[in-house]
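Inside the fold
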Amino acid sequence: MLVLAGCGSASKQATPAAQKLQREDLLAVARALRSVQQPVAQEVSATKAAWPLIVNGLPGDVAALSRTTQAMQAARIAAQLKVPPLFSEAQVSRLGGPASQLAGIFRSYVLLSSRGWKLLDASFAQIVSGTPAGSRFARENAPLYIESIYDAHLALAQIGTKLLAGYEKLGGAGSFGSALSQAEVDALARAYSEAGDRLHPHVGVRLGS
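Conventions we followed
- Residues numbered from 1 in each chain as written.
- Predicted model: local features only at pLDDT ≥ 70, side-chain atom pairs only at ≥ 80, totals over all residues.
- Heavy atoms only, no water.
- Helix = DSSP H or I, 4+ residues; strand = E, 2+ residues; numbered from the N terminus.
- Buried < 20%, exposed > 50% of the residue type's maximum accessible area, 1.4 Å probe, protein only.
- Contact = heavy atoms within 4.5 Å.
- Areas by Shrake-Rupley, 256 points an atom, 1.4 Å probe, with all protein chains shown as cover.
- Core = buried A, V, L, I, M, F, W, Y, C linked by side-chain atoms within 4.5 Å.
- Phe/Tyr/Trp six-rings, centres within 6.5 Å; stacked < 30°, edge-to-face > 60°.
- Salt bridge = Lys/Arg side-chain N within 4 Å of Asp/Glu carboxyl O.
- Axes fitted to C-alpha atoms, helices over the stretch in contact; angles between N-to-C directions.
- Parallel < 35°, antiparallel > 145°, perpendicular 65-115°, else oblique.
- Left-handed = near helix turned anticlockwise from the far one by under 90°.
- Nonpolar A, V, L, I, M, F, W, Y, C, P; charged D, E, K, R; others polar.
- pLDDT = per-residue confidence, 0-100.

This part takes up the overall build of the protein chain. Along the backbone of the protein chain there are 11 helices and 0 strands. Going from N to C terminus, the protein chain has its helices and strands arranged as α-α-α-α-α-α-α-α-α-α-α. Its C-alpha atoms give the protein chain principal-axis dimensions of roughly 65 × 25 × 25 Å. Expressed as a percentage of its 209 residues, the buried residues of the protein chain come to 46%. Contacts in the protein chain between residues far apart in sequence, at least 24 positions, make up 81% of those at least 6 positions apart. Total accessible area on the protein chain stands at roughly 10100 Å², and carbon and sulfur atoms take up 55% of it.

A few words now on the nonpolar core. One broad trend across soluble globular proteins is that nonpolar side chains are buried collectively. If you look at the biggest cluster of nonpolar residues, it comprises 33 residues, and the most contacted ones within it are Leu33, Val40, Phe106, Tyr109, Leu156, Ile159 and Tyr192. Going through the elements one at a time, α1 (16–35), α2 (37–54), α6 (98–129), α7 (132–156), α8 (159–169) and α10 (182–191) are the ones with two or more residues in this core. Apart from the residues within four sequence positions on either side, isoleucine 159 is in contact with Leu33, Leu102, Ile105, Phe106 and Tyr192.

To continue, consider the packing of aromatic side chains. Evaluated as defined, the whole model comprises 4 aromatic pairs. An angle of 65° between the planes, with centres 5.6 Å apart, marks the rings of phenylalanine 106 and tyrosine 109 as edge-to-face. In this pair, phenylalanine 106 and tyrosine 109 both sit in helix α6, 3 residues apart, roughly one turn of the helix. Each member of the pair phenylalanine 106 and tyrosine 109 is classed as buried.

Here we come to unusual backbone geometry. Cis geometry marks the peptide bond from histidine 200 to proline 201; its omega dihedral reads 0°. In this structure, proline 201 sits in the segment after α11 (194–197).

This part covers the pattern of salt bridges. Using the criterion set out here, one finds 3 salt bridges in the structure. Close ionic contact of glutamate 194 with arginine 198 constitutes a salt bridge, the shortest N to O distance being 3.2 Å.

Angle between the axes and distance between the axes: these two values describe a pair of packed helices. Viewed as axis vectors pointing N to C, α2 and α6 meet at an angle of 45°, and their least axial separation amounts to 13 Å. Between α2 and α6, the crossing angle belongs to the class labelled oblique. The two elements α2 and α6 meet at a crossing, and its hand is left-handed. Packed against α2, whose contacting residues are Val40, Glu43, Thr47, Ala50 and Ile54, the element α6 presents Phe106, Tyr109, Ser113, Trp117 and Leu120 at the interface.

Moving on, we come to the packing of α2 against α7. Their axes nearest at 11 Å, the elements α2 and α7 cross at an angle of 140°. Considering the angle they form, α2 stands oblique to α7. Seen from above, α2 lies across α7 with left-handed handedness. Listed contacts from α7 to Val40, Glu43, Val44, Thr47, Trp51 and Ile54 of α2 are Ile146, Ile149, Tyr150, His153 and Leu156. Of the residues assigned to the contact of α2 with α7, the class counts are 8 nonpolar, 2 polar and 1 charged.

Right, let's talk about the confidence of the model for the protein chain for a bit. Mean pLDDT over the protein chain: 93, with 93% of residues reaching 70 or higher. Predicted confidence is poor over residues 5–11, with pLDDT under 50, and the contacts of this stretch with residues over four places away or in other chains come to 20 contacts.

As a further point, take the environment of glutamine 70. Within the secondary structure, glutamine 70 is located in helix α4 (residues 69–79). In this structure glutamine 70 comes out as partly exposed when scored by relative accessible area, which is 32%. Spatially, the C-alpha atom of glutamine 70 lies 13 Å from that of valine 55, the residues being 15 residues apart in sequence. Setting aside residues no more than four positions away along its own chain, glutamine 70 makes contact with Ala46, Ala49, Ala50 and Leu53.

Below you can see the structure in the form of structure tokens.
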């Protein structure tokens, strides 16, 4: 279900001028990633707290689940996620090299997490107070929304590794200088990492299960 948009990459034979533009784009993306670190960390923390409640599907008592602090906070915080202007659909198409892929991955994360929690929250309400048919439909489709939340964090966890790879591909510290140091890239890689952002255990429910 994971969707990774904006998979452009730098050409192996990029001209010096093209590489310069790609470095400028990567620098801009790094700044954008820094600007959203706090809300992303809040969403990750909230979703990790709620994940054990939904990882294996919805429980029998959905009303009780919907009232838990963990579920309410995760849905609320995910709804507040914003895509930086640079990562908008219109702007991503103008980015070159590794920057394009990174922006696309981040947009996928926001879309999958916010939509997953929104639809899951709506399912809670439908199951609790909807018609029998509506309640059954909501419960049957809840695994899609849970998987969307898992895939969102799987995407987020890739950003650090791909940022490091793009930085090295475009010359590393020797080319970026003080504009984007190795220490800054390493810090961002830690913030957007498998260790920090991926959900555990793996999603244990699938549509139709």
